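# Summary of structural features
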Amino acid sequence: MRGWTEERIRDLVSRLETFREGCRVTTLAEVERESRSPFQLLVSCIISLRTKDEVTNAASRRLFQLAQTPQALAKLKPVEIAKAIYPAGFYRTKAAQLQQLASLLCAEHNGAVPANERDLLRLPGVGRKTANLVLGLGFGVPAICVDTHVHRISNRLGLVSSTSPKETEQQLARWLPRDLWIPINDLLVTFGQNRCHPTSPRCSGCPVTDLCPRVGVTRHR
DNA sequence: AAAACGGGGGC
DNA sequence: GCCCCAGTTTT
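This is a predicted model, so every value here is computed, not measured.

### Considering the protein's contact with DNA strand B
For DNA strand B, the set of nearby residues contains 15 residues, the closest of which are Leu49, Arg50, Gly125, Gly127 and Asp147. Each atom of DNA strand B within 4 Å of the protein was classed as base or backbone; sugar and phosphate made up 56%. Between Arg50 and DNA strand B, the recorded distance is 2.6 Å, taken from a side-chain N or O atom to a base nitrogen. Contact between DNA strand B and Thr130: a phosphate oxygen at 3.0 Å from a side-chain N or O atom of the residue. Those elements that place two or more of their residues in the surface near DNA strand B are α9 (128-139) and α10 (148-156). In the surface near DNA strand B, the residues fall into four nonpolar, six polar and five charged.

### Observations regarding the domain arrangement of chain A
When cut into domains, chain A gives domain 1 (6-24 + 143-211) and domain 2 (29-139). Centre-to-centre, using C-alpha coordinates, domain 1 lies 25 Å away from domain 2. Each side of the interface is counted separately: domain 1 has twelve residues, and domain 2 has ten residues. With both chains or domains summed, domain 1 and domain 2 bury close to 840 Å², and 55% of this area falls on carbon and sulfur atoms. The partner of Arg128 in a salt bridge is Glu169, and the shortest N-O contact between them spans 2.7 Å.

### As for the side chain of Thr190
By secondary structure assignment, the location of Thr190 is in helix α12 (residues 183-194). From its side chain, Thr190 meets the backbone oxygen of Asp186 in a polar contact 2.8 Å long.

### Quick word on the packing of aromatic side chains
Under the criterion given, the structure shown has two aromatic pairs. With a centroid separation of 5.5 Å and an interplanar angle of 85 degrees, the aromatic rings of Phe19 and Phe191 are classed as edge-to-face. With Phe19 in helix α1 (residues 6-21) and Phe191 in helix α12, this residue pair connects regions lying 172 residues apart in the sequence. Consider the rings of Tyr86 and Tyr91, whose centres lie 5.0 Å apart with planes at 50 degrees: the pair is tilted. The class for Tyr86 is partly exposed, based on a relative accessible area of 48%. Directly above the ring of Trp4 sits Arg8, whose terminal nitrogen or CZ lies 5.4 Å from the centroid.

What counts and what doesn't
- Residues numbered from 1 in each chain as written.
- Chains lettered and ligands numbered in written order.
- Predicted model: local features only at pLDDT ≥ 70, side-chain atom pairs only at ≥ 80, totals over all residues.
- Heavy atoms only, no water.
- Near = heavy atom within 4 Å.
- Polar contact = N/O pair within 3.5 Å; in protein donor to acceptor, adjacent residues only side chain to side chain.
- Helix = DSSP H or I, 4+ residues; strand = E, 2+ residues; numbered from the N terminus.
- Nonpolar A, V, L, I, M, F, W, Y, C, P; charged D, E, K, R; others polar.
- Domains from an automatic or database assignment.
- Contact = heavy atoms within 4.5 Å.
- Buried area = accessible area lost by both parts, 1.4 Å probe.
- Salt bridge = Lys/Arg side-chain N within 4 Å of Asp/Glu carboxyl O.
- Phe/Tyr/Trp six-rings, centres within 6.5 Å; stacked < 30°, edge-to-face > 60°.
- Buried < 20%, exposed > 50% of the residue type's maximum accessible area, 1.4 Å probe, protein only.
- Lys NZ or Arg CZ within 6 Å of the ring centre and 35° of its normal.

Below you can see the structure in the form of structure tokens.
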């Protein structure tokens, strides 16, 4: 992307890493510390729907006390799942979805999470964001996980110029150094949650204003 | 009372 | 591409 040399993106990443160290709430860093399995990542993704990350993490941990594998989860009653994840909201829908997913994995994938994008995307409730997160963090396969934070901030910073998450993913894949594909998600998500908010970016005091072409612009797609 | 929390699916 | 979906927590 125009203006983004390798040196510049490395500088950005380095500063976002420093920024993250000062954040109370981080996302994937926390997940990584807990060494979650691909299945657990998948479950967390589904719980995270319309739910704050702190709440998602707490709900996930409670559910994992009951079941850590598709086999175990498939045996739980939906009401037990719902109870475990309750504060995350939409608990009945999510419970049904989680159980359906666990059962399907047992029935059609020998109780394992598939390690390729095509099969992941066929699972109910799994789209590009979830599939790429599981591929990246769960299996170590270079994949760019684009959620709303990554989409918004990639556009603000001019890393891409796109109107959809899918387009953002494609544009990033075109030039972003491959070793950054996995870590870029957590860096931008943490930055997005703690500073570069959707409607109020708080540019004053931002650690990367000098790299940002849209300082002070508060309206974004 | 209102806002924030976001991705997948169906068409 | 556009619309729909579903509840809790925070302000």
